[in-house]
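Architecture and fold: a report
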Amino acid sequence: MKFLLLLYLIVFNLLGAEIVDTKLKTKAELEAIERHAIVFGTGDATKVYVFVDPLCRYSRALMKKIYENKMLQLSNTYYIFLYRLPRIESEKTMHYILESSNPKEALIEVMIDEEIIDTDSVKAKPSTLKALKEIAKVGATLDMTQRPYMISFDKESKYCRVSEGSASCLEEFE
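Numbering of residues begins from 1 in every chain and follows the order in which that chain's sequence is written. With the structure being a predicted model, the display of local features is reserved for residues of pLDDT at least 70 and the display and counting of side-chain atom pairs for 80 or more, all residues being used for whole-chain, interface and lining totals. Excluded from the side-chain calculation are hydrogens and water; included are all heavy atoms of the structure.

Our focus in this paragraph is the packing of aromatic side chains. For any pair of aromatic rings, the description consists of the separation of the ring centres together with the inter-plane angle of the planes. Only Phe, Tyr and Trp rings are paired, with Trp represented by its six-membered ring, and only when their centres lie within 6.5 Å; those with planes under 30 degrees apart are stacked, over 60 edge-to-face, the remainder tilted. By the definition in use, this model includes seven aromatic pairs. The interplanar angle of 15° and the centroid separation of 6.2 Å between the aromatic rings of Tyr49 and Phe81 together place this pair among those described as stacked. Of this pair, Tyr49 sits in strand β2 (residues 46-52) while Phe81 sits in strand β3 (residues 76-82), and the two are 32 residues apart along the sequence. Burial classes follow relative accessibility: with a 1.4 Å probe on protein chains only, a residue under 20% of its type's maximum area counts as buried, one over 50% as exposed, and anything between as partly exposed. Residue classification places Tyr49 among the buried positions, given a relative accessible area of 0%. Look at Phe51 and Tyr83: their rings are 6.2 Å apart centre to centre, the planes differ by 75°, and that puts the pair in the edge-to-face class. One end of the pair, Phe51, is in strand β2; the other, Tyr83, is in the loop between β3 and α4 (91-99), and 32 residues separate them in sequence. Taken together, Tyr49, Phe51, Tyr79, Phe81, Tyr83, Tyr149 and Phe153 form an aromatic cluster joined through their ring pairs. Just above the ring of Tyr67 sits the side chain of Lys70; from NZ or CZ to the centre is 4.4 Å. Criterion for a charge above a ring: Arg CZ or Lys NZ at most 6 Å from the ring centre, at most 35 degrees from the ring normal. Directly above the ring of Phe40 sits Lys104, whose terminal nitrogen or CZ lies 4.7 Å from the centroid. Each helix is a run of H or I in the DSSP string that is no shorter than four residues. Each strand is a run of E no shorter than two, and both are numbered from the N terminus.

A few words on the nonpolar core. By nonpolar core is meant a set of buried Ala, Val, Leu, Ile, Met, Phe, Trp, Tyr and Cys residues that side-chain atoms within 4.5 Å join together. Among the nonpolar cores identified, the biggest contains 22 residues, and Phe40, Val50, Met63, Tyr78, Ile80 and Leu107 are the most heavily contacted of them. Put simply, the parts of the chain that give this core at least two residues each are β1 (38-40), β2, α2 (57-68), β3, α4 and α5 (103-112). The residues contacting Phe40, other than those within four sequence positions of it, are Met63, Ile66, Tyr67, Gln73, Asn76, Thr77, Tyr78, Ile80, Lys104, Leu107 and Ile108. Of all hydrophobic cores here, the second largest spans 15 residues; its members include Ala37, Tyr83, Ile151 and Phe153. Any two residues whose heavy atoms approach within 4.5 Å are treated as being in contact.

Glancing now at the packing of α4 against helix α6 (residues 126-141). Taken N-terminus to C-terminus, the directions of α4 and α6 make an angle of 115°; their axes are 10 Å apart at the nearest point. Considering the relative orientation of α4 and α6, their crossing is right-handed. Packed against α4, whose contacting residues are Met94, His95, Leu98 and Glu99, the element α6 presents Thr128, Leu129 and Leu132 at the interface. Any residue that is not Ala, Val, Leu, Ile, Met, Phe, Trp, Tyr, Cys, Pro, Asp, Glu, Lys or Arg is counted as polar, Gly included; the first ten are nonpolar and the last four charged. In terms of residue class, the contact of α4 with α6 is made up of four nonpolar, two polar and one charged. Think of each axis as a best-fit line through the C-alpha atoms, taken over the contacting stretch in the case of a helix, with angles from 0 to 180 degrees between the N-to-C directions. Handedness of a crossing follows from how the near helix is turned relative to the far one, being left-handed for an anticlockwise turn of less than a right angle and right-handed for a clockwise one.

Another aspect to go through is the pairing of β3. Where burial is concerned, most of β3 is hidden: seven out of the seven residues are buried. Residue alternation in β3 divides its side chains into two sets, Asn76, Tyr78, Ile80 and Leu82 and Thr77, Tyr79 and Phe81, and both sets are buried. Note that β1 and β3 share three bridges and pair antiparallel. Paired with Phe40 across the strands is Tyr78, a residue of β3. The pairing of β2 with β3 spans seven bridges and is parallel. Strands were regarded as paired on the criterion that DSSP finds at least two bridges between them.

What follows is about the packing of α4 against α5. Contact geometry for α4 and α5: axes closest at 7 Å, N-to-C directions at 140°. By the angle class used here, α4 and α5 are oblique. Where α4 abuts α5, its residues Thr93, Tyr96, Ile97 and Leu98 lie against Pro103, Ala106, Leu107, Glu109 and Val110. Its residues assigned to classes, the contact of α4 with α5 comprises seven nonpolar, one polar and one charged. Any angle from 65 to 115 degrees is called roughly perpendicular, while one under 35 is roughly parallel, one over 145 is roughly antiparallel, and all others are oblique.

As a further point, take the environment of Lys64. Position of Lys64 relative to the elements: it lies in helix α2. Among the residues examined, Lys64 registers a relative accessible area of 26% and is labelled partly exposed. For the pair Lys64 and Asp113, spaced 49 residues apart in sequence, the C-alpha to C-alpha distance is 8.9 Å. The residues touching Lys64, leaving out its near neighbours within four places in the chain, are Met111, Ile112 and Glu114. Whenever two N or O atoms come within 3.5 Å, that pair is a polar contact, provided that in protein one can donate a hydrogen and the other can accept it, and provided that, for residues adjacent in sequence, both atoms are side-chain atoms. A polar contact of 2.6 Å, which involves the side chain of Lys64, links it to the side chain of Glu114.

Structure below.
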């Protein structure tokens, strides 16, 4: 009986260690692509990583909530990553945003102001394509199927909160 109990504890500890390693790996992967993010807010209470498709109406609705609520931006920092939904042809729009002289203003123009832009002449640099590829790799690791997708880490917490899809993301801000 003692042997079975000891064996159970060893297996439980090994599985628990793997779960912790996975969480730390996810956070490290997100921090590694922070340089590709468009940042909103300056708060240090929570780091929120948001994956959006610039042509997705749910992503646009979330971005409007973040942009309009200055209190959220004072308490949190939002790292916005452009990650295409397979059913929406938004690759050229993502290139337009990232290739502009001010990607944050271009994102506001496209997602919040919903301006129609001409993307026919946009040619992405290799660095932009590489950034989008790195973001997509992390997105695939997290098994994202919908946009917007949010994952947040509270200050000094080893746990995260994950939101999949439109309803749960938008409810958090209302």
